[in-house]
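Reading the structure
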Amino acid sequence: MTGTARKALAEAIATFLFVLSIIGAVNSGSPLTPLAIGLALAVLVFSTGHISGAHLNPAVSVGVFLRGGLSAGDLVAYIVAQFVGGAAAALVSFAVWPAAEKAVEIEVGPAFLVEALFTLALVWVVLNVATSKDTDGNSFYGLAIGGTVFVGAVAVGGISGGGFNPAVALGLSISGQFAWSNLWLYIVAPIVGAAIAAVLFRVLNSDDAKKIGA
């Protein structure tokens, strides 16, 4: 398998494993849940990065696209694969854990703000450690990306539930952790944050523009 199909399948598999890990960590009730989620992302980024870039997140894919590092065709394929992987993980989770009895309660204003800000931080880190010519070939990118999610989960998980990822949000809506009525927020806010991160990256790295054919 080669090309877009190979990359999309890798994104679907890794997103499936990531969302399943999140649901399991949340159901464990462990105080180490944010750390488990961050480490899960780190190891999956390391394991999939050489195939697809290991976005595992539609917001990250949008950020990489706006940065110039992903074609329009691959962007669509990645997002579809990520949503499929996240939804499949939630459905499979019902074989092990019951649906959540109650969804996370949020206030829309603060939740939107922190989802946008911490997705901005996540995409900013991804663009600088995984796509920049100045950090090409580094061995720390996975830890930096997973560490950002860990920090976000600890810092604002109590405000928004710590989504930072529309595919994760879809999975957690299916499994009951997130309310369906709030799904729009977990999609729009991360995309806004990702777009801002991409603009900031381009402003500060004008000598590192990529041109990927559509």
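Everything here concerns the structure above.
For the structure given in this document, a descriptive report is provided here. (Residues numbered from 1 in each chain as written. Predicted model: local features only at pLDDT ≥ 70, side-chain atom pairs only at ≥ 80, totals over all residues. Heavy atoms only, no water.)

When you go through the protein chain residue by residue, the secondary structure sums to eight helices and zero strands. Order of helices (α) and strands (β) in the protein chain, N terminus to C terminus: α-α-α-α-α-α-α-α. For the protein chain, the spread of C-alpha atoms along the principal axes amounts to about 50 × 40 × 30 Å. Taking all 214 residues of the protein chain together, 50% fall into the buried category. Considering only contacts in the protein chain between residues 6 or more positions apart, those separated by 24 or more positions represent 77%. Measuring between centres, the 8 positive side-chain charges of the protein chain sit 10 Å from its 10 negative side-chain charges. (Helix = DSSP H or I, 4+ residues; strand = E, 2+ residues; numbered from the N terminus. Buried < 20%, exposed > 50% of the residue type's maximum accessible area, 1.4 Å probe, protein only. Contact = heavy atoms within 4.5 Å. Lys, Arg positive; Asp, Glu negative; His and termini not counted. Charge placed at Lys NZ, Arg CZ, Asp CG, Glu CD.)

Time to look at unusual backbone geometry. Despite not being glycine, A54 has its phi angle at roughly 55 degrees, a positive value. Locating A54 in the fold gives a position in the loop between α2 (33–52) and α3 (58–67). A residue is classified by how much of its surface remains accessible, and A54, at 6% relative accessible area, is buried. If you check the backbone angles, L56 has positive phi at about 60 degrees while not being a glycine. Here L56 lies in the loop between α2 and α3.

By the element assignment, A169 lies in helix α7 (residues 166–175). In this structure, the C-alpha to C-alpha distance between A169 and F201, residues 32 residues apart in sequence, is 25 Å.

Before going further, it helps to spend a moment on the environment of L183. Along the chain, L183 turns up in helix α8 (residues 183–204). Using a relative accessible area of 14% as the deciding quantity, one classes L183 as buried. Residues L183 and L117 lie 66 residues apart in sequence; the distance between their C-alpha atoms is 17 Å. Leaving out residues up to four positions away in the same chain, L183 has contacts with A169, L170 and S173.

A word on a nonpolar patch on the surface. Together, V108, W184, I187, V188, V192, I196 and L200 make up an exposed nonpolar region whose accessible area comes to about 530 Å². The biggest single contributor to the nonpolar patch is α8, with six residues. Mapped onto the elements, V192 comes out in helix α8. (Patch = residues over 30% accessible without salt bridge, like charges linked within 9 Å, V, L, I, M, F, W, Y side chains within 5 Å. Areas by Shrake-Rupley, 256 points an atom, 1.4 Å probe, with all protein chains shown as cover. Salt bridge = Lys/Arg side-chain N within 4 Å of Asp/Glu carboxyl O.)

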